[in-house]
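# Results of the structural survey
Here's the letter readout for the chains.
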Amino acid sequence: MKSSTVPMLGTSKRRALRVALAVVSFSVAIALAGCASASQSTTTGAAGFTKAKQDSKATITVWADSTRLPAVQAYQKANPNVKMNIVTYDGSADGSTYLQTKVQLFDRTGKGWPDVVFASPTDVTWASKATSPSAQAFAAPVDELVSSSTIDNFAKGSLTPCQDNGHTYCLRNDIAQVVTWYNKTLMDKFGYTVPTTWEQYEALGAQVAKQHPGYVLGWVGDSNSQESYFWSSQCPAFDLVKPNTLRVALSSPDCTRMSSLLDSMIANKSISTQASNNATFIKDTAPKVLMAVGPSWYGQYIFNGGFKTPAGQIAAANPMTWDGDTTAATGNVGGGVWMISSHSKNLAAATAVVKWLTTSDANQGGAPTYPAYIPAAKVWLANPANSKYFASDVSGAFTTAANEVWTGWSNTKFSDATAWSSVVLPALTAGKTLTATLPAWQAAIVDEAKAVGYTVTTK
Amino acid sequence: MTALNTGGRLTAPAAPSLARRRTTRRRAGLAGYLFVSGYAILLIAFGIFPTLYAVYLSLTNDRGQFAGLNQFITVVQDYRFGPAFSNILIYLVMWLVILVALTVVVAVILRSRMKPRLSAVFRFLFYIPGALAGVASVLVWMFMLDPGVSPISGLLNALGYGTFSQVIAPQNLPVIFVFIAFWTGAGGWIVVMYGALNNIPDEILEAARMDGAGPWMSAWFIQIPMISKWIAYMTILAFAAGTQLFIEPQLLQAASLGRLNPTWSPNQLAYVLAFQFGNFNEAAAVSIFLLVIGLVGAGILVTRSGLFKADNE
């Protein structure tokens, strides 16, 4: 402290420095002497699972998003003797990793898992595998819990994202086939016919831009717009050619035909780059939406719930084709799944909830989204509550589109929303064209794919 | 230099008690340990132990085997590492320069160019946002930044921003985070700097005035040099807090439905590595990088500013 101690401090400092140097060089030497690799352990797909000790009276915890919450509450009301703890969360929408984050923690602490969760198909890719060598895969193989006849009744391909290693790890809540939405009232008023090909769609855009500026034929600013447009264009952006090989080829003509179509429509402002949940968009643009290329849930969610478009105006048409193509291909935007925890102490109760939620007419017949379970989908289409909002019958377009979902856009271990939202959308906002942004989008997808362990091919 | 050292009285109020402590050292010993123990135990449990655990994790792999520096090499090569650290660097430079310049200038004005009553009102006003918890203050900024609902939408429109997504364009992010950090953090530091300026004996300023120094001259040559240790202290804490930026980008990322890079800051990268990829070892390596940067930064500032040098007796 006093000035006289300063030289002493100096020597001790020097000594400390020498010791520190010795320690550092020693540890570097050890480090270089060859030690275990830093790579993470690879976990094999869970073949079967060890059930926890079962207790038929145990409380089951159900995690659902706010949209599915009323359904879970309805089950609780109908079955008051089942002890349930209902929790709302974001439902893994928009590329959220909340569920994955939590399960990672539960796997480390060895407790806390919810018994039943509503999630996105992306979640099944990690939930069907153990997060570490000592953990058990979160999702229980549903095929060991429900009968095969139940599983066979789900719409063709709708359980593909649930399947891994010959097991089914989730039951699909809904499918979200992309259809061509239009505002019948406005289209009739302006004298436009609904396009059946993408080329007509582009031409209509140019016409609208001239005759009715301010009106739009769609928007691309949502975190899932790439699934509506590029998936429908059969763009190989997330194409799992082998279980661990991902093909990302955005320079393919199947991608550029869509990017240049959208670029021309963005340029003449017949397509908005804003997000459909944006307050400004809802206020200014939503009343001027003539058309939208989007999933089956756009009708109730976006037009009825978000835009508050009056009933009797909105209608749906079949997916559009490209000139020269005979059949249409369409996209799929989300579509939730239900998973049962392999750690559940009350698998019977958990399975009963999931079965009721996904397959019962009572729930799915009145569900806000299109059921993946075929018998329930028939009831859903016949339900006047699902049709009375629309200007005309949407069931034709819905069933056609459900069979036309292109299978080349795979369910990958990472969300297809991240790169689109954080790389492509800011570039569009900054005024770049989609076509010019394709290389950056591709690079971002490739980085993400490699980080989760895919071999990537870009041809 | 001698003048500076007498001035930077970090321990000034403690001086008389020092003499007293000498006579009662033996009796006070036990009580002293008792008083310190509460903090020490918490520090060990929630500060030292997690740090050592992070060091352990960063040097091993998920099978518990010693991996040397391999985890560090892996994270440096990760495609997200460079962008995250350069983002935080840009943010830190802007944040520290603005923080130091503005808090000191404002404190000097409040201390010597303003009526005491008015100055007290301003200090209170500056401090209010800091009393708001971190998450709440970010939520306030969500509204501020969305031209659709913002009270300053006129200003945002004038700057050419018509939508929320235009405002949160990648190149604007460091500025936005500096605004949020300044708004929440600077008020507290202005109050601290004001207190430091109060410590300067009036005779010194009086003498400067008699020698013909105007208010700006005495600020530049007397007041600011005499609170330089406080400025260093503030810089160290703000630097350490700044490298750990997390809530602001994380919440903005969620609120914009993913229009921000989910690994914008190093802390977010560590979070993603740990909880999305289940790779706690790599996450620990990222956090050790932050620890080393924080320690080196603090070390340089401490030695250069003579922060821990006690007054000449």
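Values in this document were obtained by computation on a predicted structure and should not be read as measured data.

## Topic: the overall build of chain A
Each helix and strand in chain A was counted, giving 18 helices and 13 strands. Structurally, chain A occupies a C-alpha span of about 95 × 55 × 50 Å along its principal axes. Split into buried and exposed, the 459 residues of chain A put 48% on the buried side. A sequence separation of at least 24 residues applies to 76% of the contacts in chain A between residues at least 6 apart.

## Notes on the overall build of chain B
For chain B, the count of helices and strands is 16 helices and zero strands. Here chain B holds 313 residues, and 36% of them are scored as buried.

## Topic: the domain arrangement of chain A
Residues and elements named next belong to chain A. The assigned domain composition of chain A is domain 1 (60–174 + 335–382) and domain 2 (178–333 + 391–457). Spacing between the C-alpha centres of domain 1 and domain 2 amounts to 27 Å. Taken together, the contact pairs 14 residues of domain 1 with 17 residues of domain 2.

## Points about the sheet that holds strand 2 (residues 84–88) of chain A
Remark on secondary structure: sheet strands pair via backbone hydrogen bonds, oriented parallel or antiparallel. All names here are of chain A. The strand order across the open sheet built from five strands is 2-1-3-12-6, with neighbouring strands paired in mixed fashion. Each edge of the sheet is formed by a strand with only one pairing partner; in this case those strands are strand 2 and strand 6 (171–172). One ladder, built from five bridges, connects strand 1 (residues 60–64) with strand 2; its direction is parallel. When the bridges of strand 2 are listed, Ala64 appears paired with Thr88. Sheet strands touched by helix 12 (residues 347–359): strand 1, strand 3 (116–119), strand 6 and strand 12 (337–340). Its angle to strand 12, the strand with the most contacts, is close to 170°.

## Brief notes about the confidence of the model for chain A
With 91% of its residues at a pLDDT of 70 or more, chain A shows a mean pLDDT of 88. Here residues 1–9 of chain A is modelled with pLDDT under 50, and outside its nearest four sequence neighbours on either side it reaches two contacts, counting other chains as well.

## Digging into the interface of chain B and chain A
Of the residues lining the interface, 35 residues belong to chain B; the matching set on chain A comes to 35 residues. Looking at the side of chain B that touches chain A, the elements that each hand over two or more residues are helix 4 (70–77) and helix 9 (164–167) of chain B. In the side of chain B that touches chain A, the residues fall into 14 nonpolar, 16 polar and five charged.

## Some words on the pairing of strand 7 (residues 178–183) of chain A
Residues and elements named next belong to chain A. Of all six residues in strand 7, six are buried; the element is thus mostly enclosed. Alternating positions in strand 7 separate into two faces, Val178, Thr180 and Tyr182 on one and Val179, Trp181 and Asn183 on the other, with burial throughout. Of the strand pairs in this sheet, strand 7 and strand 10 (residues 291–295) are connected by five bridges, and their pairing is antiparallel. Paired with Trp181 across the strands is Ala292, a residue of strand 10. The pairing of strand 7 with strand 11 (residues 314–317) spans four bridges and is antiparallel. Bridge assignment links Trp181 to a residue of strand 11, and that residue is Ala316.

## Let's talk about the nonpolar core
All names here are of chain A. By size, the foremost hydrophobic cluster in this structure holds 124 residues, and its most contacted members are Cys170 and Met339. Take this core: its biggest share by element is seven residues, from helix 17 (residues 417–429). Residue assignment places this core across two domains, with domain 1 (60–174 + 335–382) and domain 2 (178–333 + 391–457) each supplying three or more. Residues within four places of Cys170 in sequence aside, it is in contact with Val124, Ala139, Val142, Cys162, Val337, Trp338 and Met339.

## Some details on the environment of A:Gln40
All names here are of chain A. Positionally, Gln40 belongs in the loop between helix 1 (6–32) and strand 1. The class for Gln40 is partly exposed, based on 19 C-beta atoms found within 10 Å. Taking the C-alpha atoms as reference, Gln40 lies 9.7 Å from Pro133; in sequence the two are 93 residues apart.

Criteria and cut-off values
Residues numbered from 1 in each chain as written. Chains lettered and ligands numbered in written order. Predicted model: local features only at pLDDT ≥ 70, side-chain atom pairs only at ≥ 80, totals over all residues. Helix = DSSP H or I, 4+ residues; strand = E, 2+ residues; numbered from the N terminus. Buried ≥ 20, exposed ≤ 12 C-beta atoms within 10 Å, placed from the backbone. Contact = placed C-beta atoms within 7 Å. Domains from an automatic or database assignment. Pairing = 2+ DSSP bridges. Axes fitted to C-alpha atoms, helices over the stretch in contact; angles between N-to-C directions. pLDDT = per-residue confidence, 0-100. Nonpolar A, V, L, I, M, F, W, Y, C, P; charged D, E, K, R; others polar. Core = buried A, V, L, I, M, F, W, Y, C linked by C-beta atoms within 7 Å.

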